[in-house]
Amino acid sequence: MNDSVWLATATMPRFEAAAGELRADVVVVGGGLIGLTTALLAAQEGAEVVLLEGGRIGARTSGNTTGKVTAQHSLIYADLAKRHGSEKAELYAAANLAGVEEVARLGESIDCELIRAPAYTYTTDPDRAHRIAAEVAATTELGLSALGLDVALADAGEVGLPGVVEAIRFDNQIQLHPGLYLAGLASALVDEGVRVYEHSRVVDVSRKGRVSTEGGAAVDARYAVLATLLPIGMTGGYFARTRPSRSYGIAVQLPEPAPRGMAISIDEQVRSTRPWPGGGPNGLIVVGGSHETGTVEDTQGRYQGLIDWVASTWGVDEVAVEYRWSAQDYNTVDMLPYVGRTPESSAILVATGMRKWGLSNGTAAAMLLRDVIAGRDNPWTELYDARRIGGPRAVAEMVKDNLKVSKAFAAGHLRRTLKGGADHLEVGQGGLLDVDGSTVGAYRDHDGNLHKVSPVCTHMGCALSWNPAESTWDCPCHGSRFTPTGTILDGPATKPLHPR
Ligand code: FES
């Protein structure tokens, strides 16, 4: 696996694993942005909070983002208004704007390279320019300026990238160093008296809000908040209502000063960029290459695609890549996250499906969860309702997605195994082997040792794919991911792979 520039350049506080029987008002499961923010906001309201993280704080999706905190989510408002009506589209903007401002408030006391900057969505393709114009019109019709959101059609030149034909600008958004921000949140939790535990993977949650860890600890609480990217196990059936995707990031040095704004294209190859202050004036972060988890064999090629884009955009032969990393996100069928009480229990709260905009959407989610815990009304409750099924279109898309998943189950019987057996597996290489007629997942580590696992996901039995760029076993069905030796990286699975 590769470390993101953010995780490599921040020092996270360390915490012990949970042990024994604990009690609290709220137990938060997951030490990413949503978990940390929810825990902090709930503690600031006077709740007694325990936070359990399965691995290290901030080490999963939150520490691997682009670090953009913005209510501009590529193009979304025209589509939201069409699909859900103006009122909901406006509420979505208000929620995300509130998320941006809450990050600004919390970030005031954290040294995290937080700066205000414009956010652009642009295209270099004249055939797509009308979509930008439609987004500008939608934001005007929705009256987003009344919310304090300054939106305008931008001059193509101000984006700072070659070939832009049309762009929309949101002023006064935020970019920050996610690693430093998460470390600051974790320290703030300690100051607020939150009991934080790492290496405490939760494997079970009861309807009464009791959670149990694989190490044998348990927490009884009035509310269990599952902030684990996708809720663990079968909770709420969210695994069947979302789709996992992976994106790739690189930190590079350009031959000239990097564009100062944040930008994302709507071109065939989506590219998301922002300045990289740690890399000096020429430092740039580039993210893109998204695909559904576990569905691409040549994941290394996704990094190369980003490098090639930098080379052609800035006309250089060599691109100095200083960091590379990838991240997982979940998309929902109706474009809205699920936040709040689950269908099975009012004691279990979730936040999932942030659609790659987790810093703003996730902070808004934490504010909503804080209000649920405090017993207060919140204007976004219905918008993000975690108990909704969705309209006919959402249901149809859900059915289509689940048919895809069924195909992934079937594909397990057809997977290609590496030729030549284990002896031909080079150091750092992994893949499927045929061993005495059965398929085994194998990986040769850098000391030459061979690790063999059952390449069957422990969540619901889907066939896993080897991800060579990250050296992980990835599940195409609902996105669980495992290390070469079978340890869980991302749920919903709660059990490691079986050794072979
Ligand atoms: Fe559900 Fe793998 S994540 S089967």
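Residues numbered from 1 in each chain as written. Predicted model: local features only at pLDDT ≥ 70, side-chain atom pairs only at ≥ 80, totals over all residues. Heavy atoms only, no water.

Help me understand the overall build of the protein chain in this model?
Within the protein chain, the secondary structure is distributed over nine helices and 24 strands. The globule rule puts the C-alpha radius of gyration for 500 residues at 23 Å, and the 22 Å found for the protein chain is close to it. For the C-alpha atoms alone, the extent of the protein chain along its principal axes is close to 65 × 55 × 45 Å. Sequence-distant contacts, at least 24 apart, represent 71% of the contacts inside the protein chain between residues at least 6 apart. Split by element, the accessible area of the protein chain, about 19,700 Å² in all, is 49% carbon and sulfur. In the protein chain, 46 positive and 58 negative side-chain charges are present, and the distance between their average locations comes to 7 Å. (Helix = DSSP H or I, 4+ residues; strand = E, 2+ residues; numbered from the N terminus. Rg over C-alpha atoms; globule rule 2.2 N^0.38 Å. Contact = heavy atoms within 4.5 Å. Areas by Shrake-Rupley, 256 points an atom, 1.4 Å probe, with all protein chains shown as cover. Lys, Arg positive; Asp, Glu negative; His and termini not counted. Charge placed at Lys NZ, Arg CZ, Asp CG, Glu CD.)

I'm lost on the pattern of salt bridges in this one. Help?
Any two side chains of opposite charge can pair, so long as their charged atoms come close to each other. The full count for this structure, using the stated rule, is 17 salt bridges. A salt bridge links E48 to R195; the shortest N-O distance between them is 2.9 Å. Residue E48 is located in the loop between α2 (33-44) and β2 (49-52), and its partner R195 is located in strand β7 (residues 195-197); the two are separated by 147 residues in the primary sequence. Among the ionic pairs, R116 bridges to E101, the shortest N-O distance being 2.9 Å. Taken together, the residues span a long stretch of sequence, with R116 in strand β4 (residues 115-123) and E101 in helix α4 (residues 86-107) at a distance of 15 residues. R116 sits in the partly exposed class, given a relative accessible area of 34%. When salt bridges with common partners are traced through the structure, they connect E45, R370, D371 and R376 into a single cluster. (Salt bridge = Lys/Arg side-chain N within 4 Å of Asp/Glu carboxyl O. Buried < 20%, exposed > 50% of the residue type's maximum accessible area, 1.4 Å probe, protein only.)

I keep staring at the sheet that holds strand β22 (residues 472-474) and nothing clicks. Help me out?
The strands that make up a sheet pair up through hydrogen bonds in the backbone, lying either parallel or antiparallel. The four strands are arranged β21-β22-β23-β24 in an open sheet whose pairing can be described as antiparallel. With partners counted over all chains shown, the strands left at the sheet margins are β21 (465-467) and β24 (488-490), one partner each. Bridge count between β22 and strand β23 (residues 481-482): two bridges; the pairing is antiparallel. Bridged to D474 within β23 is R481. (Pairing = 2+ DSSP bridges.)

I would appreciate a short explanation of the sheet that holds strand β19 (residues 438-444) in the present structure.
Within the open sheet, the three strands sit side by side as β18-β19-β20. Their pairing is antiparallel. One side of each edge strand has no neighbouring strand; the edge strands of this open sheet are β18 (430-435) and β20 (450-453). For this sheet, the mean angle separating the axes of adjacent strands, direction not counted, is 35 degrees. Pairing of β18 with β19, which is carried by six bridges, proceeds in the antiparallel orientation. Directly across from L432, in β19, lies its bridge partner G441. (Axes fitted to C-alpha atoms, helices over the stretch in contact; angles between N-to-C directions.)

Help me understand the packing of aromatic side chains, please; the structure alone is not making it clear to me.
For any two aromatic rings, the description comes down to two numbers: the centre-to-centre distance and the angle of the planes. Tallied over the full model, the rule gives nine aromatic pairs. Judged by centre distance (6.3 Å) and plane angle (25 degrees), the rings of Y77 and F170 are stacked. Remark: F170 occurs in strand β6 (residues 166-175) and Y77 occurs in helix α3 (residues 77-84); sequence separation between them is 93 residues. Since its relative accessible area comes to 0%, Y77 is described here as buried. With a centroid separation of 6.0 Å and 85 degrees between ring planes, the pair formed by W276 and Y323 is classed as edge-to-face. Residue W276 is found in the loop between β13 (271-275) and β14 (283-292), and its partner Y323 is found in strand β15 (residues 320-332); the two are separated by 47 residues along the sequence. For W276, a relative accessible area of 5% corresponds to the buried category. The class for Y323 is partly exposed, based on a relative accessible area of 24%. What links up through ring pairs into an aromatic cluster is the set Y77, Y92, F170 and Y384. (Phe/Tyr/Trp six-rings, centres within 6.5 Å; stacked < 30°, edge-to-face > 60°.)

Quick question: what am I supposed to make of the environment of L114 here?
Topologically, L114 is positioned in the loop between α4 and β4. Distance from L114 to A137, taken between C-alpha atoms, is 30 Å for residues 23 residues apart in sequence. Setting aside anything within four residues of it in sequence, one finds L114 in contact with V103, A104, G107, I174, Q175 and L176.

Would you mind going over the state of the cysteines with me for this structure?
Formally, a disulfide is one covalent bond, and it connects the sulfur atom of one cysteine to the sulfur atom of another. As enumerated under the stated definition, the model contains one disulfide in all. The disulfide partner of C462 is C477, and the S-S distance across this bridge is 1.8 Å. Its S-S torsion of approximately -75 degrees makes the covalent link between C462 and C477 left-handed. In this pair, C462 is assigned in the loop between β20 and β21 and C477 in the loop between β22 and β23, connecting sequence segments 15 residues apart. In this pair, the class of C462 matches that of C477, namely buried. (Disulfide = S-S within 2.5 Å.)

Sorry if this is basic, but what is going on with the packing of α3 against α4 here?
When two helices pack together, their arrangement is given by the angle between the helix axes and the distance between those axes. The geometry of α3 relative to α4 is characterised by a closest axis approach of 7 Å and an angle of 140 degrees between their N-to-C directions. If you check the angle between α3 and α4, you find them oblique. At the point where α3 passes α4, the crossing takes the right-handed sense. Residues Y77, L80, A81 and H84 of α3 lie in contact with α4, whose contacting residues are S86, K88, A89, Y92 and A93. Class assignment of the residues belonging to the contact of α3 with α4 gives a composition of six nonpolar, two polar and one charged. (Parallel < 35°, antiparallel > 145°, perpendicular 65-115°, else oblique. Left-handed = near helix turned anticlockwise from the far one by under 90°. Nonpolar A, V, L, I, M, F, W, Y, C, P; charged D, E, K, R; others polar.)

Help me understand the pairing of β20 in this model?
The side chains of a regular strand alternate, first on one face of the sheet and then on the other. Where β19 meets β20, four bridges bridge the pair, whose relative direction is antiparallel. Looking at the pairing, G441 lines up with V453 of β20. Linking β19 back to β20 in an antiparallel pair, the connection comprises five residues, with G448 at a positive phi of about 90 degrees.

Help me out: how do you make sense of helix α5 (residues 129-142) in this one?
The periodicity of an α-helix, 3.6 residues per turn, causes residues three or four places apart in sequence to face the same way. Compared with an ideal rise of 1.5 Å per residue, which puts 14 residues at 20 Å, α5 spans 20 Å between its outermost C-alpha atoms and is within 8% of the ideal. Contacts made by the buried residues of α5 are with α3, α4, β4, β5 (151-153) and β6. Just downstream of α5, G143 is the residue with a positive phi angle, here 70 degrees. (Expected span 1.5 Å × (residues − 1).)

I would appreciate a short explanation of α3 in the present structure.
Within the sequence span of α3, burial applies to Y77, L80 and R83. Buried residues of α3 fall within an arc of 135 degrees about the axis and therefore sit on the same side. Count one or two residues on from α3 and you reach G85, which has phi positive near 95 degrees. (Arc of directions from axis to C-beta.)

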